[in-house]
Amino acid sequence: MGSNFNRARNIRIDNYHFVNVNPSADALSKLEARIAEAAIHDSAERCDAPKCHPETRVAVQNDLYEWIIEDSGASEHPRKIKWVTGPAGTGKTAVLGSLSDRCITGGVLAATFFFASWSSSIGRRRKTALVTTIAHQLARYHPELRQEISTAINGNSDVFGKNLRAQMEVLVLGPLRQMTRRPDGHVLRGVIIIDGLDECEAEQYHDITGTGPRAKAPRTNAEDQLEVLQVLQAASSDPCFPFRILIASRPERVFREFFDPERNPTSFAQKLDLNEEHQADADITLFLEAQFNIIRRRYNLPPSWPPLGTIQTLVEKASGQFIYAATVIRLLDTGHRDPPKALLKAILKTGTTRKTTSYPFEQLDALYTHILDSSPDPPLSVRWIRSIIQLYQKASPTTVDGRLYASYIHLLLQTDPESNEAEHLLGNLHSLIRIPPPSDQATTQYDFYHKSLFDFLEDPGRCRQLYVDDSEIHLPMLMTTSEKSAKVPLTVSFGSAYSMALYTPAVADWWVSLAFSHNEDEWQESLWGLFQVVHTSCPWYYCKPLSEDKVFYWLLKTYKGKNKAESASKNQRQT
């Protein structure tokens, strides 16, 4: 105690209980290093995430908020989990995003996690960081839990390698139990919001490429999604767990079966189906009226625009899907080459109305087709979109901070590194893709407004003539510059990056840029091995491996800016 009571004399203390008000920074730093930061509701990646338009979805948000704050009282089996569901485009993410903000204001937000299968942040696509991200936020929003979580990490140093159930026990339930044992323990309450759980991809723990009797079948997305549901259900049933859990997903089979009241009659609160409850037509009408007013003022259009009956027609076309209305407005207001009046006229001509079809996605499909057809080369534009999706979902992170920025995408997909192919193909598609301006492309990613675009492009029955098979979107196909292009795997020793891409100047630029993003000791050895492989069957220099000195001379001249790249390239060819 000498360190706590320096130079104290003649002191008597009974029932001494020391509380460290500065929990181990090291333990909490270890926790923070293992979270999916991009999945938290207020992350930078979600800066443009959908939110409910003012005065829309009010009844839905009120119902959910009242459930969150209601007192369970003396209920022996409080129903702490609620399922929000609905087809693509019904506004689940927007509702939960707006609800998160409201819960922060009301002081009842415990944690959030927004899954997204399109994200280049792998943490948002998989379950791995779910519990750690929840625990991190509990420590942030509830200072009284910080010490207990820190102590739990210090006492269980291997917790980050455990399964979700074990992590939930150590990082969340254990600290909560310690809190309940304190005589001055605070009463905690709030909600944990989890959106897009149906977009959670399966973690593969074994080699799934093997064959024979010992080969293991790959885990399915549904298996990992069910594991998450079971872990959350087990946590909510613990008496020490004070939070409500709100889960949003599409009505896929694993969720329908798990939340089936006949299977679990007392476990869950009544589900909220956005496709059945709270008619959306009135909210969509309000949204369109407000947005058309903004566009009319911005482009100085007459008061008679849009024509009478236009909004009602668009509401019918939307079939209760907010994504349809939002996409229409983005198309009219994103700097498209055609004026808003002409664009609206074209939109109104697409497809049929809800009166003649029972298929809910027909109008959305017609709208997506119309927008994609506005590209100068629709099939190639679709290949670009699907290639970007595959790079985000399957490729290893290739930048220092693990993100594939737009400039890297261009180097990989453009057939000519000096061309402006990206703007040519995607310039008319701003209503579907969030495209960074040229000045930000080295530090900003491409982003997609809604997963329903992926569903559309992956279903030949929906996108029809725009459908591109998986076999057609391999990066080598997009990067072919001549019939003599060599197909040689590129591997580097400073990471797990691996590509079967065909060699082009753009590919070499990309790999060298990658190498220079690492420290000098790493890239010197790695680049020598890389260029030996490249030049063994070089499709554009037709040369043999050079000496190490000449390779590094060329690299330094080209990429360190001591000479112009064109001069270095010319010297290299002559050598």
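These numbers were taken from a predicted model, which means no experiment stands behind them.

Calculation rules
- Residues numbered from 1 in each chain as written.
- Predicted model: local features only at pLDDT ≥ 70, side-chain atom pairs only at ≥ 80, totals over all residues.
- Heavy atoms only, no water.
- Helix = DSSP H or I, 4+ residues; strand = E, 2+ residues; numbered from the N terminus.
- Buried < 20%, exposed > 50% of the residue type's maximum accessible area, 1.4 Å probe, protein only.
- Contact = heavy atoms within 4.5 Å.
- Pairing = 2+ DSSP bridges.
- Axes fitted to C-alpha atoms, helices over the stretch in contact; angles between N-to-C directions.
- Polar contact = N/O pair within 3.5 Å; in protein donor to acceptor, adjacent residues only side chain to side chain.
- Parallel < 35°, antiparallel > 145°, perpendicular 65-115°, else oblique.
- Nonpolar A, V, L, I, M, F, W, Y, C, P; charged D, E, K, R; others polar.
- Arc of directions from axis to C-beta.
- Core = buried A, V, L, I, M, F, W, Y, C linked by side-chain atoms within 4.5 Å.
- Phe/Tyr/Trp six-rings, centres within 6.5 Å; stacked < 30°, edge-to-face > 60°.
- Lys NZ or Arg CZ within 6 Å of the ring centre and 35° of its normal.
- Expected span 1.5 Å × (residues − 1).
- pLDDT = per-residue confidence, 0-100.

J.: Lay out the overall build of the protein chain with the relevant residues and their values.
T.: The helix and strand inventory of the protein chain stands at 24 helices and nine strands. Looking at the protein chain residue by residue over its 575 residues, the buried ones come to 51%. Across the protein chain, every contact between residues at least 6 apart in sequence was considered, and the portion connecting residues at least 24 apart equals 73%.

J.: Please provide a residue-by-residue account of the sheet that holds strand β5 (residues 272–273), values included.
T.: Sheets are built from strands paired through backbone hydrogen bonds, the pairs being either parallel or antiparallel. Spatially, five strands are ordered β2-β3-β4-β1-β5 in an open sheet, and the strand pairing comes out parallel. Strands at the two margins of the open sheet, each flanked by one partner only, are β2 (109–114) and β5. Pairing of strand β1 (residues 81–85) with β5 involves two bridges; the strand directions are parallel. Each residue of the ladder has a partner; that of threonine 85, found in β5, is aspartate 273. Of the strands in this sheet, β1, β3 (191–195), β4 (244–249) and β5 touch helix α2 (residues 58–69), which is tilted by about 145° from β4.

J.: An account of the side chain of arginine 250 is needed here, citing residue identities and associated values.
T.: In this fold, arginine 250 is placed in the loop between β4 and α9 (253–258). A polar atom in the side chain of arginine 250 sits 2.5 Å from the side chain of aspartate 455. Every residue in contact with arginine 250, bar those within four places of it in the chain, is listed here: Trp83, Thr85, Gly86, Ala88, Lys92, Asp198, Phe255, Lys451, Ser452 and Asp455.

J.: Report on the packing of helix α10 (residues 281–298) against helix α12 (residues 322–332), specifying residues and quantitative values.
T.: Two elements in contact, α10 and α12, have axes whose closest approach is 10 Å; the angle formed by their N-to-C orientations is 5°. As far as their axial angle goes, α12 and α10 are roughly parallel. Residues Asp283, Ile284, Phe287, Leu288, Gln291, Phe292 and Ile295 of α10 touch α12, and the partners they reach there are Phe322, Ala325, Ala326, Ile329 and Leu332. Across the contact of α10 with α12, the residue classes tally to 10 nonpolar, one polar and one charged.

J.: Let's hear about helix α13 (residues 340–349): which residues, and what values?
T.: Of the residues making up α13, those classed as buried are Pro340, Leu343, Leu344 and Ile347. Down the axis of α13, the buried set is contained in an arc of 100°. They therefore lie on one face. Residues of α13 that are exposed and angled more than 90 degrees away from the buried face: Lys345 and Lys349.

J.: An account of the pairing of β1 is needed here, citing residue identities and associated values.
T.: The element β1 is extensively covered by neighbouring structure, given that five of its five residues are classed as buried. Judged by which residues are buried, β1 turns out to be covered on both faces: Ile81, Trp83 and Thr85 on one side and Lys82 and Val84 on the other are all buried. Pairing between β1 and β4: five bridges, direction parallel. Residue isoleucine 81 lies in a different strand from β4, and its bridge partner there is isoleucine 245.

J.: Can you lay out the nonpolar core for me, pointing to particular residues and giving the numbers?
T.: Membership of the largest hydrophobic core comes to 64 residues, with the highest contact counts inside it found for Leu288 and Tyr446. When residues no more than four places from it in sequence are discounted, the contact partners of leucine 288 are Ile311, Leu314, Val315, Ala325 and Ile329. Counting residues in hydrophobic clusters, the runner-up holds 51 residues, among them Phe115, Leu188, Leu229 and Phe241.

J.: Got a sec to walk through the packing of aromatic side chains? Specific residues and values, please.
T.: Under the counting rule described, the total for this entry stands at nine aromatic pairs. Taking 5.5 Å as the distance between ring centres and 85° as the angle between the ring planes, the aromatic pair formed by phenylalanine 241 and phenylalanine 243 counts as edge-to-face. With a relative accessible area of 0%, phenylalanine 243 lands in the buried category. Centroid distance phenylalanine 448 to phenylalanine 454: 5.1 Å. Interplanar angle 80°. Geometry classified as edge-to-face. With relative accessibility at 2%, the residue phenylalanine 454 sits in the buried group. A connected cluster of aromatic rings, assembled from ring pairs, spans Trp83, Phe258, Phe259 and Phe268. One cation-aromatic arrangement involves arginine 462 over phenylalanine 361; the distance from NZ or CZ to the ring centre is 4.7 Å.

J.: Residue-level account of helix α14 (residues 362–373), with values.
T.: Under the 1.5 Å per step criterion, the end-to-end length of α14 is 16 Å for 12 residues, consistent within 8% with the ideal 16 Å. Among the residues making up α14, those that are buried are Gln363, Leu364, Asp365, Ala366, Leu367, Tyr368, Thr369, Ile371 and Leu372.

J.: Could you give me a rundown of the side chain of threonine 132, with the residues and numbers involved?
T.: Counting through the fold element by element, threonine 132 comes out in helix α5 (residues 130–141). A distance of 2.8 Å separates the side chain of threonine 132 from the backbone oxygen of arginine 34, its partner in a polar contact.

J.: I'd like a rundown of the confidence of the model for the protein chain, residues and numbers included.
T.: Across the protein chain, pLDDT averages 77, with 70% of residues at or above 70. Within the protein chain, no element has a lower average pLDDT than strand β9 (residues 498–499), which sits at 34, and none a higher one than β3, at 97. Predicted confidence is poor over residues 395–401, with pLDDT under 50, and the contacts of this stretch with residues over four places away or in other chains come to 10 contacts.

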